[in-house]
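Per-entry structural report
Residue-level listing of the chains:
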Amino acid sequence: MKDELEKSIPVNVVKLSEKEKSLIRYRVSQSQTSKIYIKPIIVLVLFMLIATIVVLPNTKLMDTADNSSSQIAISLTERQKQQYYKEYVRIVDKAMEQKVGIGLSVPPIEEFKESDWIPPEAYEKMIQEHVDEFLATERKKIAAMSSDLKPAVTTMEGQTKKAVYLYFPDILKRVEVTANFDTQYSKKLDRQLFVAADNVSSKLVSSPGTWEQTSYEVFLGNDGQQYTIRIEGIFTLNNLSFDKAFTIQYICDEFGNIR
Amino acid sequence: MTIDEKERYLNEALDQHGDYLKRIIYTYVKDIQKTEDIIQEVFIKFYKNLDRFEGRSSIKTYLYRITVNECKNYLKSWHYRKLEVTEYVNVWKNRTSLEEEYIQREQNQNIAELVNSLPVKYREVLWLYYYVELSVSEIAVVINCTTNTVKTRLSRGRKLAKLSIEESVGEYEFER
(Lines give C-alpha, C1' and ligand atoms only; values in the text may rest on other atoms or scores of the structure.)
Protein backbone atom coordinates (compact mmCIF):
# COMPACT_ATOMS: atom_id res chain seq x y z
CA MET A 1 0.00 0.00 0.00
CA LYS A 2 2.77 2.40 0.97
CA ASP A 3 4.71 1.55 -2.19
CA GLU A 4 1.61 1.96 -4.32
CA LEU A 5 1.03 5.42 -2.89
CA GLU A 6 4.65 6.42 -3.34
CA LYS A 7 4.54 5.47 -7.02
CA SER A 8 1.95 8.19 -7.57
CA ILE A 9 4.35 10.94 -6.46
CA PRO A 10 6.32 12.61 -9.28
CA VAL A 11 10.05 11.84 -9.18
CA ASN A 12 11.04 15.46 -8.57
CA VAL A 13 8.85 15.62 -5.47
CA VAL A 14 10.16 12.44 -3.88
CA LYS A 15 13.17 14.05 -2.20
CA LEU A 16 13.84 17.32 -0.47
CA SER A 17 17.12 18.13 -2.18
CA GLU A 18 20.19 19.53 -0.44
CA LYS A 19 19.69 22.68 -2.49
CA GLU A 20 16.20 23.07 -1.08
CA LYS A 21 17.45 22.43 2.43
CA SER A 22 20.11 25.08 1.98
CA LEU A 23 17.50 27.52 0.71
CA ILE A 24 15.33 26.84 3.75
CA ARG A 25 18.31 27.38 6.09
CA TYR A 26 19.13 30.59 4.25
CA ARG A 27 15.57 31.86 4.53
CA VAL A 28 15.49 30.96 8.21
CA SER A 29 18.72 32.86 8.79
CA GLN A 30 17.32 35.82 6.82
CA SER A 31 14.24 35.85 9.02
CA GLN A 32 16.57 35.95 12.02
CA THR A 33 18.55 38.85 10.57
CA SER A 34 15.43 40.80 9.72
CA LYS A 35 14.48 40.76 13.41
CA ILE A 36 17.41 43.03 14.11
CA TYR A 37 15.99 45.67 11.82
CA ILE A 38 12.44 45.34 12.98
CA LYS A 39 12.60 48.19 15.51
CA PRO A 40 13.72 50.88 13.05
CA ILE A 41 11.04 49.63 10.65
CA ILE A 42 8.34 49.89 13.31
CA VAL A 43 9.50 53.41 14.11
CA LEU A 44 9.45 54.31 10.42
CA VAL A 45 5.97 52.86 9.92
CA LEU A 46 4.67 54.72 12.98
CA PHE A 47 6.19 57.93 11.71
CA MET A 48 4.58 57.48 8.30
CA LEU A 49 1.24 56.66 9.90
CA ILE A 50 1.30 59.80 12.02
CA ALA A 51 2.40 61.89 9.05
CA THR A 52 -0.46 60.47 6.97
CA ILE A 53 -3.01 61.23 9.69
CA VAL A 54 -1.75 64.80 9.94
CA VAL A 55 -1.39 65.43 6.22
CA LEU A 56 -4.38 63.52 4.80
CA PRO A 57 -7.21 65.87 5.93
CA ASN A 58 -5.48 68.68 4.04
CA THR A 59 -5.22 66.89 0.78
CA LYS A 60 -7.86 65.89 -1.75
CA LEU A 61 -8.71 62.21 -1.89
CA MET A 62 -7.48 60.56 -5.01
CA ASP A 63 -10.05 59.37 -7.49
CA THR A 64 -10.61 55.64 -7.10
CA ALA A 65 -10.26 55.24 -10.85
CA ASP A 66 -6.57 55.94 -10.42
CA ASN A 67 -6.30 52.68 -8.55
CA SER A 68 -7.85 50.63 -11.30
CA SER A 69 -4.64 48.88 -12.18
CA SER A 70 -3.86 48.02 -8.58
CA GLN A 71 -3.91 44.36 -7.51
CA ILE A 72 -4.92 45.33 -4.00
CA ALA A 73 -8.49 44.98 -2.84
CA ILE A 74 -10.41 48.22 -3.14
CA SER A 75 -13.41 49.67 -1.38
CA LEU A 76 -16.44 50.13 -3.59
CA THR A 77 -19.98 51.47 -3.39
CA GLU A 78 -22.83 48.98 -3.76
CA ARG A 79 -23.40 50.17 -7.34
CA GLN A 80 -19.75 49.70 -8.20
CA LYS A 81 -19.85 46.24 -6.67
CA GLN A 82 -22.76 45.30 -8.94
CA GLN A 83 -20.83 46.58 -11.95
CA TYR A 84 -17.70 44.74 -10.95
CA TYR A 85 -19.67 41.57 -10.35
CA LYS A 86 -21.17 41.78 -13.85
CA GLU A 87 -17.68 42.17 -15.24
CA TYR A 88 -16.44 39.16 -13.23
CA VAL A 89 -19.27 37.04 -14.67
CA ARG A 90 -18.49 38.21 -18.21
CA ILE A 91 -14.80 37.38 -17.74
CA VAL A 92 -15.51 33.89 -16.41
CA ASP A 93 -18.06 33.20 -19.18
CA LYS A 94 -15.48 34.23 -21.75
CA ALA A 95 -12.91 31.89 -20.17
CA MET A 96 -15.43 29.05 -20.18
CA GLU A 97 -16.08 29.58 -23.90
CA GLN A 98 -12.60 28.23 -24.51
CA LYS A 99 -13.96 24.83 -23.39
CA VAL A 100 -10.70 23.72 -21.86
CA GLY A 101 -12.40 21.21 -19.58
CA ILE A 102 -12.41 23.18 -16.39
CA GLY A 103 -15.42 24.29 -14.36
CA LEU A 104 -15.28 27.94 -13.31
CA SER A 105 -17.99 30.19 -11.97
CA VAL A 106 -18.27 33.35 -9.92
CA PRO A 107 -19.55 32.74 -6.39
CA PRO A 108 -22.76 34.57 -5.34
CA ILE A 109 -22.16 38.28 -4.77
CA GLU A 110 -23.13 37.97 -1.11
CA GLU A 111 -20.15 35.72 -0.50
CA PHE A 112 -17.69 38.43 -1.50
CA LYS A 113 -15.94 40.03 1.43
CA GLU A 114 -14.75 43.62 1.25
CA SER A 115 -11.20 42.41 0.78
CA ASP A 116 -12.20 40.26 -2.22
CA TRP A 117 -13.06 43.12 -4.55
CA ILE A 118 -10.33 43.68 -7.08
CA PRO A 119 -10.35 45.62 -10.37
CA PRO A 120 -11.79 43.62 -13.31
CA GLU A 121 -8.40 43.73 -15.06
CA ALA A 122 -6.81 42.04 -12.06
CA TYR A 123 -9.69 39.54 -11.93
CA GLU A 124 -9.23 38.75 -15.61
CA LYS A 125 -5.50 38.22 -15.07
CA MET A 126 -6.26 35.90 -12.16
CA ILE A 127 -8.69 33.83 -14.27
CA GLN A 128 -6.23 33.64 -17.16
CA GLU A 129 -3.52 32.46 -14.78
CA HIS A 130 -5.84 29.78 -13.48
CA VAL A 131 -6.68 28.59 -17.00
CA ASP A 132 -3.00 28.66 -18.02
CA GLU A 133 -2.09 26.65 -14.94
CA PHE A 134 -4.76 24.09 -15.83
CA LEU A 135 -3.50 23.87 -19.41
CA ALA A 136 0.09 23.45 -18.24
CA THR A 137 -0.97 20.59 -15.96
CA GLU A 138 -2.94 19.08 -18.83
CA ARG A 139 0.11 19.18 -21.09
CA LYS A 140 2.25 17.49 -18.43
CA LYS A 141 -0.30 14.77 -17.66
CA ILE A 142 -0.93 14.00 -21.31
CA ALA A 143 2.78 14.00 -22.16
CA ALA A 144 3.32 11.45 -19.40
CA MET A 145 0.79 9.16 -21.08
CA SER A 146 1.92 9.72 -24.67
CA SER A 147 3.80 6.42 -24.89
CA ASP A 148 0.53 4.67 -24.16
CA LEU A 149 -1.09 5.97 -27.35
CA LYS A 150 -0.82 3.91 -30.51
CA PRO A 151 -0.91 5.13 -34.13
CA ALA A 152 -4.24 5.25 -35.92
CA VAL A 153 -5.70 1.94 -37.10
CA THR A 154 -7.91 1.60 -40.17
CA THR A 155 -10.40 -1.29 -40.16
CA MET A 156 -11.51 -3.38 -43.14
CA GLU A 157 -14.65 -1.26 -43.26
CA GLY A 158 -12.54 1.85 -43.81
CA GLN A 159 -13.02 3.37 -40.37
CA THR A 160 -9.93 4.96 -38.88
CA LYS A 161 -9.65 4.82 -35.10
CA LYS A 162 -7.26 6.80 -32.98
CA ALA A 163 -7.20 7.45 -29.24
CA VAL A 164 -6.40 10.63 -27.31
CA TYR A 165 -6.23 11.52 -23.65
CA LEU A 166 -8.37 14.34 -22.35
CA TYR A 167 -7.71 16.01 -19.01
CA PHE A 168 -10.39 17.15 -16.62
CA PRO A 169 -9.70 18.38 -13.09
CA ASP A 170 -7.57 15.65 -11.58
CA ILE A 171 -8.62 12.98 -13.98
CA LEU A 172 -7.39 11.75 -17.38
CA LYS A 173 -9.82 10.14 -19.75
CA ARG A 174 -9.10 8.13 -22.86
CA VAL A 175 -11.32 8.92 -25.82
CA GLU A 176 -11.35 7.01 -29.09
CA VAL A 177 -12.07 9.00 -32.24
CA THR A 178 -13.43 7.23 -35.31
CA ALA A 179 -13.58 8.82 -38.75
CA ASN A 180 -13.88 7.89 -42.41
CA PHE A 181 -11.25 9.29 -44.75
CA ASP A 182 -10.94 9.22 -48.51
CA THR A 183 -7.56 9.45 -50.18
CA GLN A 184 -6.68 9.91 -53.84
CA TYR A 185 -3.56 9.69 -55.94
CA SER A 186 -2.13 13.08 -56.96
CA LYS A 187 -0.24 13.02 -60.23
CA LYS A 188 1.23 16.39 -59.50
CA LEU A 189 2.79 15.34 -56.20
CA ASP A 190 3.13 11.66 -57.11
CA ARG A 191 1.59 10.52 -53.86
CA GLN A 192 -1.67 9.86 -52.07
CA LEU A 193 -3.50 12.78 -50.45
CA PHE A 194 -6.58 13.21 -48.33
CA VAL A 195 -9.68 14.33 -50.21
CA ALA A 196 -12.49 13.94 -47.68
CA ALA A 197 -13.26 13.21 -44.04
CA ASP A 198 -16.63 12.51 -42.50
CA ASN A 199 -18.60 10.47 -39.95
CA VAL A 200 -16.43 11.69 -37.11
CA SER A 201 -17.48 10.26 -33.78
CA SER A 202 -15.82 9.89 -30.41
CA LYS A 203 -16.43 7.72 -27.39
CA LEU A 204 -15.05 7.34 -23.90
CA VAL A 205 -13.03 4.17 -23.46
CA SER A 206 -12.17 4.53 -19.79
CA SER A 207 -14.81 4.49 -17.09
CA PRO A 208 -16.35 6.06 -15.07
CA GLY A 209 -18.17 8.98 -16.65
CA THR A 210 -19.80 9.73 -19.99
CA TRP A 211 -18.70 11.67 -23.05
CA GLU A 212 -21.18 13.24 -25.44
CA GLN A 213 -19.79 14.67 -28.65
CA THR A 214 -21.63 17.86 -29.56
CA SER A 215 -19.88 19.00 -32.74
CA TYR A 216 -16.85 18.60 -34.96
CA GLU A 217 -15.06 20.50 -37.70
CA VAL A 218 -12.45 19.23 -40.12
CA PHE A 219 -9.56 21.24 -41.54
CA LEU A 220 -7.47 19.99 -44.42
CA GLY A 221 -3.91 21.25 -44.42
CA ASN A 222 -0.37 20.70 -45.62
CA ASP A 223 -1.43 20.28 -49.29
CA GLY A 224 -3.84 17.50 -48.40
CA GLN A 225 -1.41 15.51 -46.26
CA GLN A 226 -2.95 16.35 -42.91
CA TYR A 227 -6.45 16.51 -41.46
CA THR A 228 -6.99 18.34 -38.20
CA ILE A 229 -10.31 17.61 -36.56
CA ARG A 230 -11.65 19.80 -33.79
CA ILE A 231 -14.14 18.00 -31.60
CA GLU A 232 -16.31 19.47 -28.89
CA GLY A 233 -18.22 17.55 -26.29
CA ILE A 234 -19.34 17.28 -22.70
CA PHE A 235 -17.77 14.98 -20.14
CA THR A 236 -20.08 14.15 -17.25
CA LEU A 237 -19.20 12.44 -14.03
CA ASN A 238 -21.33 12.32 -10.95
CA ASN A 239 -23.69 15.06 -12.11
CA LEU A 240 -20.78 17.37 -12.92
CA SER A 241 -20.28 18.36 -16.53
CA PHE A 242 -17.21 19.81 -18.21
CA ASP A 243 -17.22 21.31 -21.71
CA LYS A 244 -14.18 20.27 -23.65
CA ALA A 245 -12.80 21.03 -27.08
CA PHE A 246 -9.80 19.21 -28.47
CA THR A 247 -8.07 18.63 -31.77
CA ILE A 248 -6.68 15.48 -33.27
CA GLN A 249 -4.39 15.16 -36.29
CA TYR A 250 -4.30 12.52 -39.00
CA ILE A 251 -1.48 12.23 -41.51
CA CYS A 252 -1.75 10.58 -44.90
CA ASP A 253 1.54 9.08 -46.07
CA GLU A 254 2.56 8.81 -49.72
CA PHE A 255 0.96 5.35 -50.03
CA GLY A 256 -2.35 6.43 -48.49
CA ASN A 257 -1.75 4.96 -45.04
CA ILE A 258 -3.29 7.04 -42.29
CA ARG A 259 -1.63 7.57 -38.96
CA MET B 1 15.59 27.74 23.48
CA THR B 2 18.96 28.86 22.17
CA ILE B 3 19.63 29.52 18.51
CA ASP B 4 21.97 26.54 18.42
CA GLU B 5 19.25 24.26 19.78
CA LYS B 6 16.72 25.62 17.33
CA GLU B 7 19.11 25.06 14.45
CA ARG B 8 19.76 21.54 15.61
CA TYR B 9 16.02 20.85 15.69
CA LEU B 10 15.66 22.38 12.23
CA ASN B 11 18.44 20.29 10.74
CA GLU B 12 17.08 17.11 12.30
CA ALA B 13 13.60 17.91 11.04
CA LEU B 14 14.89 18.62 7.54
CA ASP B 15 16.82 15.37 7.41
CA GLN B 16 14.29 13.12 9.09
CA HIS B 17 10.99 14.47 7.78
CA GLY B 18 11.77 16.72 4.80
CA ASP B 19 11.18 14.10 2.09
CA TYR B 20 7.91 12.83 3.50
CA LEU B 21 6.58 16.31 4.22
CA LYS B 22 7.28 17.37 0.67
CA ARG B 23 5.43 14.35 -0.68
CA ILE B 24 2.46 14.93 1.59
CA ILE B 25 2.26 18.57 0.51
CA TYR B 26 2.14 17.41 -3.09
CA THR B 27 -0.82 15.14 -2.35
CA TYR B 28 -2.75 18.21 -1.24
CA VAL B 29 -1.77 20.84 -3.77
CA LYS B 30 -0.80 18.63 -6.75
CA ASP B 31 1.51 21.29 -8.06
CA ILE B 32 5.28 20.90 -7.93
CA GLN B 33 6.13 24.60 -7.77
CA LYS B 34 3.57 25.22 -5.03
CA THR B 35 4.88 22.18 -3.14
CA GLU B 36 8.37 23.70 -3.18
CA ASP B 37 7.01 27.03 -1.90
CA ILE B 38 4.97 25.45 0.87
CA ILE B 39 7.77 23.22 2.16
CA GLN B 40 9.87 26.33 2.75
CA GLU B 41 7.07 28.04 4.61
CA VAL B 42 6.52 24.95 6.75
CA PHE B 43 10.11 24.86 7.98
CA ILE B 44 10.29 28.61 8.48
CA LYS B 45 7.12 28.45 10.60
CA PHE B 46 8.45 25.43 12.44
CA TYR B 47 11.66 27.26 13.27
CA LYS B 48 9.95 30.47 14.30
CA ASN B 49 7.48 28.66 16.54
CA LEU B 50 9.96 26.32 18.18
CA ASP B 51 10.02 28.53 21.27
CA ARG B 52 6.32 27.94 21.65
CA PHE B 53 6.55 24.20 21.12
CA GLU B 54 5.39 22.74 24.40
CA GLY B 55 6.24 19.13 23.74
CA ARG B 56 2.66 17.95 24.12
CA SER B 57 3.02 16.18 20.81
CA SER B 58 6.10 14.88 19.06
CA ILE B 59 8.14 17.05 16.71
CA LYS B 60 6.90 14.84 13.89
CA THR B 61 3.22 15.45 14.71
CA TYR B 62 3.93 19.14 15.20
CA LEU B 63 5.56 19.36 11.76
CA TYR B 64 2.70 17.55 10.07
CA ARG B 65 0.20 19.80 11.76
CA ILE B 66 1.95 22.89 10.41
CA THR B 67 2.14 21.24 6.99
CA VAL B 68 -1.53 20.31 6.85
CA ASN B 69 -2.51 23.83 7.96
CA GLU B 70 -0.32 25.43 5.31
CA CYS B 71 -1.77 23.19 2.61
CA LYS B 72 -5.32 23.87 3.68
CA ASN B 73 -4.68 27.58 3.85
CA TYR B 74 -3.45 27.40 0.30
CA LEU B 75 -6.49 25.42 -0.80
CA LYS B 76 -8.75 27.97 0.88
CA SER B 77 -6.91 30.88 -0.69
CA TRP B 78 -8.19 33.44 -3.14
CA HIS B 79 -9.95 31.41 -5.75
CA TYR B 80 -12.14 29.69 -3.22
CA ARG B 81 -13.84 32.99 -2.46
CA LYS B 82 -13.39 35.03 -5.62
CA LEU B 83 -13.78 32.13 -7.98
CA GLU B 84 -15.54 28.82 -7.73
CA VAL B 85 -13.61 26.02 -9.29
CA THR B 86 -15.44 22.82 -9.93
CA GLU B 87 -12.81 20.31 -9.04
CA TYR B 88 -13.61 16.68 -9.34
CA VAL B 89 -11.86 15.76 -6.12
CA ASN B 90 -13.35 18.52 -4.05
CA VAL B 91 -16.98 18.03 -4.86
CA TRP B 92 -19.02 15.85 -2.64
CA LYS B 93 -22.53 16.77 -3.68
CA ASN B 94 -24.10 13.39 -3.87
CA ARG B 95 -22.25 11.03 -1.65
CA THR B 96 -24.28 7.93 -2.37
CA SER B 97 -23.90 8.10 -6.12
CA LEU B 98 -20.25 9.01 -5.82
CA GLU B 99 -19.63 6.04 -3.59
CA GLU B 100 -21.30 3.79 -6.13
CA GLU B 101 -19.24 5.39 -8.85
CA TYR B 102 -16.01 4.61 -7.04
CA ILE B 103 -17.10 1.13 -6.13
CA GLN B 104 -17.95 0.37 -9.75
CA ARG B 105 -14.46 1.20 -10.91
CA GLU B 106 -12.54 -1.55 -12.59
CA GLN B 107 -10.66 -3.99 -10.43
CA ASN B 108 -7.35 -3.30 -12.09
CA GLN B 109 -7.33 0.39 -11.32
CA ASN B 110 -4.38 1.57 -9.40
CA ILE B 111 -4.95 1.97 -5.66
CA ALA B 112 -3.03 5.21 -5.55
CA GLU B 113 -5.11 6.63 -8.37
CA LEU B 114 -8.25 5.82 -6.44
CA VAL B 115 -6.92 7.28 -3.21
CA ASN B 116 -5.72 10.43 -4.96
CA SER B 117 -9.07 10.99 -6.60
CA LEU B 118 -10.88 11.05 -3.26
CA PRO B 119 -11.98 14.29 -1.61
CA VAL B 120 -9.29 15.84 0.57
CA LYS B 121 -10.80 14.80 3.87
CA TYR B 122 -10.59 11.11 3.01
CA ARG B 123 -7.40 11.34 1.00
CA GLU B 124 -5.45 13.00 3.79
CA VAL B 125 -6.24 10.41 6.44
CA LEU B 126 -5.35 7.56 4.10
CA TRP B 127 -2.01 9.15 3.22
CA LEU B 128 -1.19 10.01 6.82
CA TYR B 129 -2.15 6.56 8.05
CA TYR B 130 -0.77 4.29 5.35
CA TYR B 131 2.06 6.35 4.00
CA VAL B 132 3.38 8.45 6.88
CA GLU B 133 2.32 5.73 9.31
CA LEU B 134 0.89 8.06 11.90
CA SER B 135 -1.47 6.57 14.47
CA VAL B 136 -5.15 7.52 14.61
CA SER B 137 -4.54 9.74 17.62
CA GLU B 138 -1.60 11.45 15.92
CA ILE B 139 -3.72 12.07 12.81
CA ALA B 140 -6.42 13.55 15.04
CA VAL B 141 -3.85 16.05 16.36
CA VAL B 142 -2.50 16.80 12.90
CA ILE B 143 -5.85 17.49 11.27
CA ASN B 144 -7.40 18.89 14.44
CA CYS B 145 -10.38 16.59 14.92
CA THR B 146 -11.43 13.73 17.17
CA THR B 147 -10.09 10.21 16.92
CA ASN B 148 -13.60 8.99 16.08
CA THR B 149 -13.72 11.32 13.10
CA VAL B 150 -10.39 9.97 11.91
CA LYS B 151 -11.65 6.39 12.26
CA THR B 152 -14.82 7.18 10.34
CA ARG B 153 -12.92 8.90 7.55
CA LEU B 154 -10.40 6.07 7.35
CA SER B 155 -13.17 3.54 7.14
CA ARG B 156 -15.11 5.45 4.48
CA GLY B 157 -11.95 6.35 2.60
CA ARG B 158 -10.93 2.72 2.48
CA LYS B 159 -14.33 1.76 1.20
CA LEU B 160 -14.21 4.40 -1.50
CA ALA B 161 -10.70 3.46 -2.51
CA LYS B 162 -11.68 -0.20 -2.52
CA LEU B 163 -8.81 -1.14 -0.26
CA SER B 164 -8.82 -4.87 0.30
CA ILE B 165 -10.15 -6.49 3.43
CA GLU B 166 -6.65 -7.44 4.57
CA GLU B 167 -5.77 -3.80 4.54
CA SER B 168 -8.78 -2.57 6.34
CA VAL B 169 -10.71 -4.79 8.70
CA GLY B 170 -10.73 -4.70 12.42
CA GLU B 171 -10.60 -2.12 15.10
CA TYR B 172 -7.24 -3.56 16.17
CA GLU B 173 -5.70 -1.67 13.34
CA PHE B 174 -6.72 1.62 14.85
CA GLU B 175 -4.66 0.90 17.91
CA ARG B 176 -1.43 1.79 16.12
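Residues numbered from 1 in each chain as written. Chains lettered and ligands numbered in written order. Predicted model: local features only at pLDDT ≥ 70, side-chain atom pairs only at ≥ 80, totals over all residues. Heavy atoms only, no water.

An unreviewed UniProt entry annotates chain B as RNA polymerase sigma factor of Ureibacillus sinduriensis BLB-1 = JCM 15800.

All names here are of chain A. Close contact between helix α5 (residues 78-96) and helix α6 (residues 120-145) brings their axes to 10 Å; oriented N to C, the two are set at 25°. In terms of axis orientation, α5 runs roughly parallel to α6. Here α5 and α6 pass one another in a crossing that is right-handed. Across from Y84, E87, Y88, I91, V92, K94 and A95 in α5, the residues of α6 making contact are P120, Y123, E124, I127 and V131. (Axes fitted to C-alpha atoms, helices over the stretch in contact; angles between N-to-C directions. Helix = DSSP H or I, 4+ residues; strand = E, 2+ residues; numbered from the N terminus. Parallel < 35°, antiparallel > 145°, perpendicular 65-115°, else oblique. Left-handed = near helix turned anticlockwise from the far one by under 90°. Contact = heavy atoms within 4.5 Å.)

Take the confidence of the model for chain B next. Residues and elements named next belong to chain B. Across chain B, pLDDT averages 77, with 70% of residues at or above 70. For chain B, helix α10 (residues 165-168) is the element with the lowest average pLDDT, namely 41, and helix α8 (residues 136-143) is the one with the highest, namely 94. Note on residues 89-108: pLDDT under 50 across the span, and 49 contacts to partners over four residues away in sequence or across chains. Across residues 164-175 the pLDDT falls below 50, and counting only partners more than four positions away or on other chains, this stretch makes 17 contacts in the model. (pLDDT = per-residue confidence, 0-100.)

This part is about the pattern of salt bridges. This model, assessed by the stated rule, comprises 22 salt bridges over all chains. Note that B:D15 and A:K21 form a salt bridge whose closest N and O atoms lie 3.0 Å from each other. Note that B:D15 is positioned in helix α1 (residues 3-29) and A:K21 in helix α3 (residues 18-36), a pairing that runs across two chains. Between B:D37 and B:K34 there is a salt bridge; the shortest N-O distance is 4.0 Å. With B:D37 and B:K34 both in helix α2 (residues 32-48) and 3 residues apart, this pair spans about one turn of that helix. The class for B:K34 is partly exposed, based on a relative accessible area of 24%. Connected through salt bridges with shared partners, the residues A:E18, A:K21 and B:D15 form a single ionic network. (Salt bridge = Lys/Arg side-chain N within 4 Å of Asp/Glu carboxyl O. Buried < 20%, exposed > 50% of the residue type's maximum accessible area, 1.4 Å probe, protein only.)

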